[in-house]
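Here is what each chain is made of, one letter per residue.
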Amino acid sequence: MESKWWKEGVVYQIYPRSFYDSNSDGIGDLRGIIRKIDYLKELGIDIIWLCPIYKSPNDDNGYDISDYYGIMDEFGTLDDWQELVEKLHAKEMRIIMDLVVNHTSDEHAWFAESRLSKSNPYRDYYIWRKPVNGKEPNNWKSFFQGSAWQYDKKTDEYYLHLFSKKQPDLNWENSNVRNEVYKMMTWWLDKGIDGFRMDVVNMLSKDMSFPDAEIIPGEKYSFGGMHHSNRERNHEYLREMNEQVLSKYDIMTVGECGFTSIKQGIMYTSPERKELDMIFQFELVDMDSGGKNRFELAGWDLVEFKKITEKWQKGLHGNGWNSLFLTNHDQPRAVSRYCNDSEFRVESAKLLMTYLMTLQGTPFIYQGEEIGMTNVSFDAIEDYNDIDSINYYKMQIEEGHMPGEVMHHIHMRGRDNARTPMQWDNSLNAGFSIAEPWLKINPNYTEINVQNDLEAENSIYKYTKSLISLRKENETLIYGKYISYDLANPYVFIYERFLGRERFLILLNFSEKNIDFYFPSELDADSFVSITSNYRKSIIENNFLHLEPYQAEIFLKN
Ligand code: TEU
Ligand code: CA
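Residues numbered from 1 in each chain as written. Chains lettered and ligands numbered in written order. Predicted model: local features only at pLDDT ≥ 70, side-chain atom pairs only at ≥ 80, totals over all residues. Heavy atoms only, no water.

**Student:** How should I be thinking about the overall build of the protein chain in this particular structure?
**Tutor:** Looking only at helices and strands, the protein chain has 18 helices and 20 strands in total. Relative to the 2.2 N^0.38 estimate, which gives 24 Å for 558 residues, the radius of gyration of the protein chain is 23 Å and therefore close to what a compact globule would have. Across its three principal directions, the C-alpha atoms of the protein chain cover 75 × 55 × 50 Å. With 558 residues in all, the protein chain has 62% of them scored as buried. Put simply, the protein chain has 62 plus and 88 minus side-chain charges, and the middle of one group is 4 Å from the middle of the other. (Helix = DSSP H or I, 4+ residues; strand = E, 2+ residues; numbered from the N terminus. Rg over C-alpha atoms; globule rule 2.2 N^0.38 Å. Buried < 20%, exposed > 50% of the residue type's maximum accessible area, 1.4 Å probe, protein only. Lys, Arg positive; Asp, Glu negative; His and termini not counted. Charge placed at Lys NZ, Arg CZ, Asp CG, Glu CD.)

Shown next, in the form of structure tokens:
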């Protein structure tokens, strides 16, 4: 397997609005990130992924871009950005930028032109269709609720928006659109960035005949994934992008690819195909959502979690490359979702970090994960900012659901769980800003904050730091093969990473039970020695170990 810096590095995802406010307006900004570079370097971070910082009316917090070449005023200037990049590079850190080109903002100059008339040169930059029987052209659903089509009176046609109606989808069939995107990517690459995280990059190609999608009985609209995800033409676009832009630079690319099978995952990431370096696949994080939408609560279970992990670990080995993540700015906090965010919060957060740092792939830490930040439960919908949660609330209430039930779904699944400001210390507003923050702080900041973790002996931060360095010192943890045991065990996850004669054994008790655990005899477990633990290093005797709640342990074969 070919060595690459982006396989060996650890990525830290920054949601700039919530990271650190340097000028006291309540909004995180670029100079705020500059001030925290040392904090990230100290943790062992190699690469930063910056969520969108481009000009945007913020209907979807920067994922609705009105100018790809400008910086959002609240975040600073292009000079600030340049300084950030230079300072990161001076510390031998790299930076990747969010590339959002499935759609623009409806306030982008192209769309302003496009909607003017059917003969406007920019008309075909977007996807316009005539009404069908006085209604939407088909039954596709927006990811943010309701129809994916918005009627525009001026020309009596609908435009497609897979996300909010302020995020019209670009028409990738149009080579002018593609060339504009490649030009823009080249512009940023020439400014010295080290790669891109590509937003919903598996949805660029749509079935241009726009057939109705299969519908869940009782529903009005349907996601219709196969009509706009992972289409053959999407791969053609990526290969073209690779040839015209990506291949000319030593960079990393990670494509956000929801609803992607392992077969598709190989197609996107296999080096010979020259598309992307890695993708985010959502099988793990979508496991506990129902079919209708992300807010529908379904069960989560460890056996399924293990199977998905195994499938991707084995499936991409030697064929492509995995990304590893348990949360991001669209997901609940991992510790609240998969483990225990109260009594065993510290043990749980360390367990999840152990998982993240011991698999094959590039690990992505989301801001606050290194101190075990948790979900939040604000009482009122007015305290929420996320368009997805707010639209969901409105629709559910209209459909007659009780506010308490709807709020519960938002507390469990809402994207603002991940977006509350970073908790730096226990001073006013968690040290994030001296002004009132754009989104309320999680009230648990007095206990959960960076300062506490930097001071405490056995903090999550320190554990994370030691795991990152363990990973970097051991090629086996990066490139080694994966094998798991006891797949049917509903509480304990155990797997090995091996390369040559070196063998690491990882043991994770994903439950709050005390467990008398017997290792599979073929392992010869007594010959493994503990090198890391979120309790105290254990000794395996006669293939047996007593496990504490959420115990995580890494053993090395003697
Ligand atoms: O997210 C895409 C998205 O909405 C996800 O639902 C994804 O498709 C799903 O998890 C797959 O199961 C990206 C950004 O991360 C998000 O913040 C934006 O709102 C969205 O695109 C639109 O740009
Ligand atoms: Ca600010």
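**Student:** How should unusual backbone geometry be read in this particular structure?
**Tutor:** Negative phi values dominate among residues other than glycine, just as trans dominates among peptide bonds. The backbone phi angle of glutamine 145 is positive, close to 80°, even though this residue is not glycine. One can find glutamine 145 in the loop between β6 (128-129) and β7 (149-152). For glutamine 145, a relative accessible area of 13% translates into the label buried. Of note in the backbone geometry, lysine 274 takes a positive phi value of approximately 55° without being a glycine. Relative to the helices and strands, lysine 274 is located in the loop between α9 (262-269) and β11 (278-280). For lysine 274, a relative accessible area of 53% corresponds to the exposed category.

**Student:** It is not clear to me how the side chain of serine 114 should be interpreted in this structure. Could you clarify?
**Tutor:** Relative to the elements of secondary structure, serine 114 occurs in helix α5 (residues 109-114). Its relative accessible area of 0% is what places serine 114 among the buried residues. Polar side-chain contacts of serine 114 include one of 3.0 Å to the backbone oxygen of tyrosine 122. In contact with serine 114, other than residues within four places in its own chain, are Asn120, Tyr122, Arg123, Tyr126 and Trp128. (Polar contact = N/O pair within 3.5 Å; in protein donor to acceptor, adjacent residues only side chain to side chain. Contact = heavy atoms within 4.5 Å.)

**Student:** Honestly, the side chain of threonine 476 in this entry has me stumped. Any pointers?
**Tutor:** Mapped onto the elements of the fold, threonine 476 is located in helix α18 (residues 475-479). Residue threonine 476 is classed as buried on the basis of its relative accessible area, which comes to 2%. Aside from chain neighbours lying at most four places away, what touches threonine 476 is Arg497, Phe498, Leu499, Glu502 and Phe504.

**Student:** Help me understand the packing of α9 against helix α11 (residues 302-316), please; the structure alone is not making it clear to me.
**Tutor:** Working note: a packed helix pair is described by the angle between its axes plus the distance between those axes. It is the contact of α9 with α11, at a shortest axis distance of 10 Å, that shows an interaxial angle of 40°. One finds that α9 runs oblique with respect to α11. In the crossing of α9 with α11, the sense of the turn from one axis to the other is right-handed. Counted together, Ile262, Gly265, Ile266 and Thr269 of α9 and Lys311, Trp312, Gly315 and Leu316 of α11 form the full contact between these two elements. Its residues assigned to classes, the contact of α9 with α11 comprises four nonpolar, three polar and one charged. (Axes fitted to C-alpha atoms, helices over the stretch in contact; angles between N-to-C directions. Parallel < 35°, antiparallel > 145°, perpendicular 65-115°, else oblique. Left-handed = near helix turned anticlockwise from the far one by under 90°. Nonpolar A, V, L, I, M, F, W, Y, C, P; charged D, E, K, R; others polar.)

**Student:** How should the pattern of salt bridges be read in this particular structure?
**Tutor:** Where side chains of opposite charge bring their charged atoms close, a pairing between them can arise. Overall, the coordinates contain 39 salt bridges when judged by the stated rule. Lysine 472 is paired through a salt bridge with aspartate 46; the nearest N and O atoms lie 3.1 Å apart. A residue pair is termed long-range when its members are at least 10 positions apart, and lysine 472 in helix α17 (residues 460-473) and aspartate 46 in the loop between α3 (37-43) and β2 (47-50) qualify at 426 residues. (Salt bridge = Lys/Arg side-chain N within 4 Å of Asp/Glu carboxyl O.)

**Student:** Teacher, can you tell me more about the coordination of the calcium ion (ligand 2) here?
**Tutor:** Ideal donor angles around a metal are set by the shape: a four-donor tetrahedron calls for 109.5 degrees, a six-donor octahedron for 90 or 180 degrees. With distances of 2.2 to 2.3 Å, the protein atoms coordinating the calcium ion (ligand 2) are Asp21 (OD), Asn23 (OD1), Asp25 (OD), Ile27 (O) and Asp29 (OD). Ordering the donors of the calcium ion (ligand 2) by residue number gives the pattern D-x1-N-x1-D-x1-I-x1-D. We classify isoleucine 27 as buried; its relative accessible area is 14%. (Donors = N, O, S within 2.8 Å, 3.2 Å for Na, K, Ca; no water.)

**Student:** I would appreciate a short explanation of the site of ligand 1 in the present structure.
**Tutor:** In the vicinity of ligand 1, 18 residues are found, and the nearest of them are Asp60, His103, Asp199, Asp286 and Asp330. Contact distances for ligand 1 include 3.0 Å between an oxygen atom and a side-chain N or O atom of glutamate 256. Between ligand 1 and aspartate 330 there is a distance of 2.5 Å, counted from an oxygen atom to a side-chain nitrogen or oxygen. Surface burial for ligand 1 is 95%, taken as the share of its 510 Å² of free accessible area covered by protein chains. Per-class residue counts for the shell around ligand 1 are six nonpolar, four polar and eight charged. (Near = heavy atom within 4 Å. Areas by Shrake-Rupley, 256 points an atom, 1.4 Å probe, with all protein chains shown as cover.)

**Student:** Whenever I open this one, the sheet that holds β11 confuses me. Can you help?
**Tutor:** Through backbone hydrogen bonds, the strands of a sheet pair up, either in parallel or in antiparallel fashion. Read from one edge to the other, the open sheet built from eight strands follows the order β11-β10-β9-β5-β2-β1-β13-β12, with strand pairing classed as parallel. The open sheet is flanked by β11 and β12 (323-324), the only strands paired with a single partner. As defined by bridge partners, strand β1 (residues 11-14) adjoins β2 across four bridges and the pair is classed as parallel. Paired with glutamine 13 across the bridge in β2 is tryptophan 49. Running over the sheet, helix α13 (residues 345-357) touches β12 and β13 (362-366) and is turned about 150° from β13. (Pairing = 2+ DSSP bridges.)

**Student:** Would you mind showing me how to read the pairing of strand β10 (residues 252-256) here?
**Tutor:** Here is the key point about a regular strand: its side chains alternate between the two faces of the sheet. Among the five residues of β10, five are classified as buried, and the element is accordingly described as predominantly covered. Residues Met252, Val254 and Glu256 point to one face of β10 and Thr253 and Gly255 to the other, with burial holding for every one of them. One ladder, built from four bridges, connects strand β9 (residues 195-198) with β10; its direction is parallel. Within the sheet, the bridge partner assigned to phenylalanine 196 lies in β10 and is threonine 253. With three bridges joining them, β10 and β11 adopt parallel strand pairing.

**Student:** For this particular structure, what's the right way to read the packing of aromatic side chains?
**Tutor:** Working definition: an aromatic ring pair is given by the centre-to-centre distance plus the angle between the planes. Per the stated rule, a full pass over the model turns up 47 aromatic pairs. For the ring pair tyrosine 20 and tryptophan 424, a centre distance of 6.1 Å and an interplane angle of 85° mean the geometry is edge-to-face. Placement of tyrosine 20 in the loop between β1 and α2 (30-35) and of tryptophan 424 in the loop between α15 (403-413) and α16 (450-455) is noted, with a sequence separation of 404 residues between them. Its relative accessible area of 5% is what places tryptophan 424 among the buried residues. Within the aromatic cluster, the residues linked to one another by ring pairs are Trp300, Phe305, Tyr338, Tyr355, Tyr482, Phe493, Tyr495 and Phe510. Lying across the ring of tryptophan 5, arginine 94 places its NZ or CZ 3.9 Å from the centre. Seen from the ring of tryptophan 128, arginine 123 lies directly overhead, with NZ or CZ sitting 3.8 Å from the centre. (Phe/Tyr/Trp six-rings, centres within 6.5 Å; stacked < 30°, edge-to-face > 60°. Lys NZ or Arg CZ within 6 Å of the ring centre and 35° of its normal.)

**Student:** Can you walk me through the sheet that holds strand β14 (residues 481-485) in this structure?
**Tutor:** The strand order across the open sheet formed by five strands is β14-β15-β16-β20-β18, and the pairing between neighbours is antiparallel. Both outer strands of the open sheet, β14 and β18 (528-533), are each paired with one neighbouring strand and no more. If you compare each strand with its neighbour and ignore which way they point, the axes differ by 25° on average. Relative to strand β20 (residues 552-557), β18 is paired through five bridges, and the arrangement is antiparallel. Each bridged residue has a counterpart across the sheet, and for serine 533 the counterpart in β20 is glutamate 553. Against the sheet, α11 contacts β14 and β15 (492-499), and its axis sits at roughly 15° relative to β15. Running at roughly 135° to β18, α17 makes contact with β18 and β20 of the sheet.

So, to be careful, I would describe these as geometric facts and stop short of saying anything about function.
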